[in-house]
Structure formats: C-alpha cells, structure tokens
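# Commentary on secondary and tertiary structure
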Amino acid sequence: MTRARCYALAFMVGVCCLGQTQAFAQPGPAPQPGYGPGYPVPPTEAPPPMGTTPWYAPADDVEPSINTFGPQAKINSWFMRVEYLNWNIGSPGNVPLGAPVAGVPNYTKPFLIFAPNTQTAIAYGEVPTTDSMRLTDTSGLQLTTGFDLIDGGQIEVSAFMLGKKQTGFSTNYAQIPLFDPAQILFHQFGIGTGTPGSQGQVPVVAATSTLANGQLSNHLFLYNQSFAATYISQLWGGEANYLIDDYASDTLQFLPLIGARYINLTEHLNQIGVFADQFNPGSITNTAIQSMTMNNLWGGQIGFRAQVVTKYIEFGATPKLMVLGNTAVSGVDTQNFRFAGDTPTSASDVTTKFTFGGELNGFVNLNITPTFTVRGGYTLMWINQVTRPNRDIIYNDNGNSSPIGIGQQFVFHDIFINGFNFGCELRF
C-alpha cells in the first residue's frame, strides 16, 4: 500500500470515531422492545422525571409524621394569681401569766403582797396577763395557679405565708412611784378593821404566781425592776383542690370541690423579769420563761364555689369544710426561775388530735383585658382545736431542792383568722 493510501485510510478511521462519540453524547429515546405493530399498546402514564436527587434520602430530609403514641395534652388553659394578704390572727386572750393565788380572788388586779408567814406588806403588785396582746394587720403573700382540663374540671394549687407578727408589753417598775400600804388598806378594808399593815412605802412589782407541789398556794416570784412579755406568731400553709364544672353554665356557675389542706401555726411567748435584792446591793436575778407551740394541721376538705361570670366582672364565694388532724408540739424552758443560778428546766411533748374547721372566701374580679384581672376578696377561717404558748405553761414550784419549777401541758381551744386579699391574675 502506498503512503498516500495509508493517509487516506487513517483519515477515514478518524472521521468514523468522531461520529460515534457525538452520537453517544446526545442519545435519542431508546427503542422499547415489544412495542409496534402486532404488540400490546404501551402504558399511558409517563415515566417519572429524571432528577439529580437519589432514590434514597438522608434521615433529616424525611417529612415528619404525626406521632399517635405518647401522652396527649390535658390542659386547655391555665392562670397564675398573686395576692397581698392583710390578715388578723385571733388574739391570745386574757390568760394570766401565773397560777391562782390563795386568798386573792382576782390576782390579775393589783393586790398587797406580804412577807412569807407575816403580816408585813413588802410590795404592791399584780400577775400580768396576755389581755393586751393583739395579732392584727399581719402582712403576707399568697400564690395560686390553676389549670382548666380538656376533659372537664379544674385544678387549683395555692400557698400562703404571713410574716412574723410580734406583740407584747414591757414595764419598768423601777420608775414607778412607791405606794403607801396604809392608804391601800384604808381603801380596801375601811377604818377600824384592825387589818395589820406596815408604815412607810412599798414598791410596785410584777409577780409570777405558782402552785406549791401542784397545790394552791401564795408563792410569788417578784420583779421590782422590770417585766416584759413578747408574743410572736407566724401562720403559713397550702392547699390543692379539684373543682367539678359539670354544674357550670355561662353566667351562673356552681362548682363542687374536693381537696387537701395543710396549715402551720407556730408561736412563741417569752417572759423576762428582773429582780434586784434590796438587802444585797448589786444582786440581780434575770428570770426567763419561754414557751413554744407548733400546730401542724393536715387533712382534707370539701366545699363548692358559687360565682357569677360576665365579660368584665366576676364575683362569688367559696365555702369549705375542713377535717383535720393536728400534730401539736409544745415546750417550756426556764432559766433562773426561782433564784440566780437556779437549774434550767425544760419540758416538751408531742400529741395528735383530730379537729375540724371552716373557711369562707368571697371575691370580686375585674377583667381589665382577656388575660389580665384585678382581684379583691375577704377570707374568714375558723379552726376548732389549736394549742397556744400562753396556755401551755404549768406554773408550779416544787421547792428549792427540786430542779423542776415549771411544767408543760396541752390546752386546746378554737381560733379565728380573717382578713383582706388584694392582687392580680394572669391567664394563658
């Protein structure tokens, strides 16, 4: 083969190769086998469009589906309420800070005090009482949250706390002028009775009167310098209630309720008396008598809420009957009870007593917006059996040879608590 023929053959092969490459880059639709004359009609739907996305997808690209498993929502709406409290706790009452005195009908009024086993007047005094003590205008805070359930009914949880309230009195007897026993006897017994007295003047004092080995006596421990009694009280608690709304309408609503309740009333009474021995200058006795009680009231309650509900104003009342147990703690401590250096004493006890009580709460709500409400109300609470520190002291003297000079007891009585509530409420 000549050189010219070799060049011609190489050119032809090159052209054929270029033609095959161009046809591969732009292919036409591939023939479908089995279609055409004599074959079945092909399907009418078009094949899915080609794309760059692979037939599988990463887990993050999978469209989420509704999960039919797990807990479902039970709450339709809820609210939160904050209220300022101005409450009054029942006063301790007119309780003498001492035991009855033999031969003195009213030992809480000033009477003449004689030296032991004599008719010589040495002082003019009285046994103080808690009659002047008041536990009014006690500030506090109450928080309440509630939930409206989708299936019906409401749940409300509330907690409150009052600040510590202190009351009492203090008297400086060293600054009170002396009294003339003769004039006192003159006014008490008249002239010519022959009642023995003493000449001169005697100091005005406070006294702690005691029994003698548990028996009525005229034992008196005097304070000629000063006497102070301080009473401290604190109240707090909480409750949880379920309200049934099957009896509720759009405007007039009646909601029965059932719930649980806890109330804690803790109180202290501190007595401090100062005596200066006139026959031993510089000898001072500071006598301290301290009493404490704690009432842990726990149990259940039932009641209802009756209310009128409109767009802008709501008002109603919630009475409750409480059935409670009272796990009560009481303790009494003394220092220098009979003389300086006397052995300190301590007595305490715990008991559980079942009791009952009631509460009535009235309220008015002003709906400023659909989600914000201003609220005012009044609360009245009564509990049948509580113990208090001014009633739990046994004033007793077993003699200087015994370290026990005072004791503890449980005395239960009822108590009233009342006051105003002011606050606001947010609904969600």
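## Regarding the overall build of the protein chain
On a plain count of helices and strands, the protein chain comes out with two helices and 17 strands. Within the protein chain, residue pairs in contact and separated by at least 24 positions form 73% of the contacts whose partners lie at least 6 positions apart.

## Topic: the environment of L141
The topology assignment puts L141 in strand β4 (residues 135-149). Separated by 22 residues in the primary sequence, L141 and G163 place their C-alpha atoms 8.6 Å from one another. When sequence neighbours within four positions are dropped, the list of residues in contact with L141 reads V82, E83, L85, A159, F160 and M161.

## A look at the pattern of salt bridges
Summed over the entire model, instances satisfying the criterion amount to eleven salt bridges. With its nearest N and O atoms 3.0 Å apart, the salt bridge here joins R81 to E425. Highlighted residues: R81 in strand β1 (residues 75-89) and E425 in strand β17 (residues 412-427), separated in sequence by 344 residues. Both residues of the pair, R81 and E425, count as buried. The shortest N-O distance in the salt bridge between K320 and E239 comes to 2.8 Å.

## Structural notes on the layout of surface pockets
Its boundaries defined by the atoms lining it, the second largest pocket holds a volume of some 600 Å³. Lining the second largest pocket are 29 residues; nearest its centre among them are V309, E314, N365, E425 and R427. If you list the elements that add at least two residues to the lining of the second largest pocket, you get β1, β4, β5 (154-162), β10 (252-276), β11 (284-309), β13 (345-367) and β17. No other element matches β1, which puts four residues into the lining of the second largest pocket. Split by residue class, the lining of the second largest pocket holds ten nonpolar, nine polar and ten charged.

## Structural notes on empty space enclosed by the protein
Any empty space left between atoms is shown by rolling a water-sized probe over those atoms. Applying the stated criterion across every chain yields a total of one cavity of 30 Å³ or more. For the largest cavity, the calculated volume is near 330 Å³. Along its surface, the largest cavity is lined by 29 residues, and Q142, S158, E239, K320 and N361 are the ones closest to its centre. The set of elements that each furnish at least two residues to the lining of the largest cavity consists of β1, β4, β5, β9 (226-243), β10, β12 (313-335), β13 and β14 (372-387). Classifying every residue of the lining of the largest cavity by side-chain character gives seven nonpolar, 13 polar and nine charged.

## Some words on a nonpolar patch on the surface
On the surface, I155, V157, Y242, I258, I302, L321, V323 and F356 cluster together to form a nonpolar patch covering roughly 690 Å² of accessible area. With respect to the helices, strands and loops of the structure, L321 is situated in strand β12. A relative accessible area of 44% places L321 in the partly exposed class.

## A word on the confidence of the model for the protein chain
With 77% of its residues at a pLDDT of at least 70, the protein chain reaches an overall mean of 83. When pLDDT is averaged over each helix and strand of the protein chain, the minimum, 42, is found for helix α1 (residues 3-25) and the maximum, 97, for β9. Below pLDDT 50 for its whole length, residues 1-31 participates in one contact with residues either more than four positions away or in separate chains. This model gives residues 34-39 a pLDDT under 50, and the stretch forms five contacts once residues within four places in sequence are excluded.

## Some words on the packing of aromatic side chains
According to the stated counting rule, one finds 13 aromatic pairs in the structure shown. Measuring from ring centre to ring centre gives 5.2 Å for F221 and F337, while their planes differ by 40°; the resulting arrangement is tilted. In this pair, F221 is assigned in strand β8 (residues 215-223) and F337 in the loop between β12 and β13, connecting sequence segments 116 residues apart. In this pair, the class of F221 matches that of F337, namely buried. Put simply, the rings of F169, Y223 and F227 pair up and form one aromatic cluster. One residue, K353, lies across the ring of F412, its end atom 5.4 Å from the ring centre.

## Some points on the environment of T355
Considering the arrangement of structural elements, one finds T355 in strand β13. Remark: the alpha-carbon pair of T355 and N326, spanning 29 residues in sequence, is separated by 6.9 Å. If we ignore the near neighbours within four places in the chain, the residues touching T355 are L297, V323, L324, N326, N384 and Q385.

The rules behind the values
Residues numbered from 1 in each chain as written. Predicted model: local features only at pLDDT ≥ 70, side-chain atom pairs only at ≥ 80, totals over all residues. Heavy atoms only, no water. Helix = DSSP H or I, 4+ residues; strand = E, 2+ residues; numbered from the N terminus. Contact = heavy atoms within 4.5 Å. Salt bridge = Lys/Arg side-chain N within 4 Å of Asp/Glu carboxyl O. Buried < 20%, exposed > 50% of the residue type's maximum accessible area, 1.4 Å probe, protein only. 1 Å grid on protein atoms, 1.4 Å probe; cavity = no way out; pocket = protein on both sides within 12 Å on 5 of 7 lines; lining within 4 Å. Points joined across faces, edges and corners; volume = space filled by probe spheres on them. Nonpolar A, V, L, I, M, F, W, Y, C, P; charged D, E, K, R; others polar. Patch = residues over 30% accessible without salt bridge, like charges linked within 9 Å, V, L, I, M, F, W, Y side chains within 5 Å. Areas by Shrake-Rupley, 256 points an atom, 1.4 Å probe, with all protein chains shown as cover. pLDDT = per-residue confidence, 0-100. Phe/Tyr/Trp six-rings, centres within 6.5 Å; stacked < 30°, edge-to-face > 60°. Lys NZ or Arg CZ within 6 Å of the ring centre and 35° of its normal.

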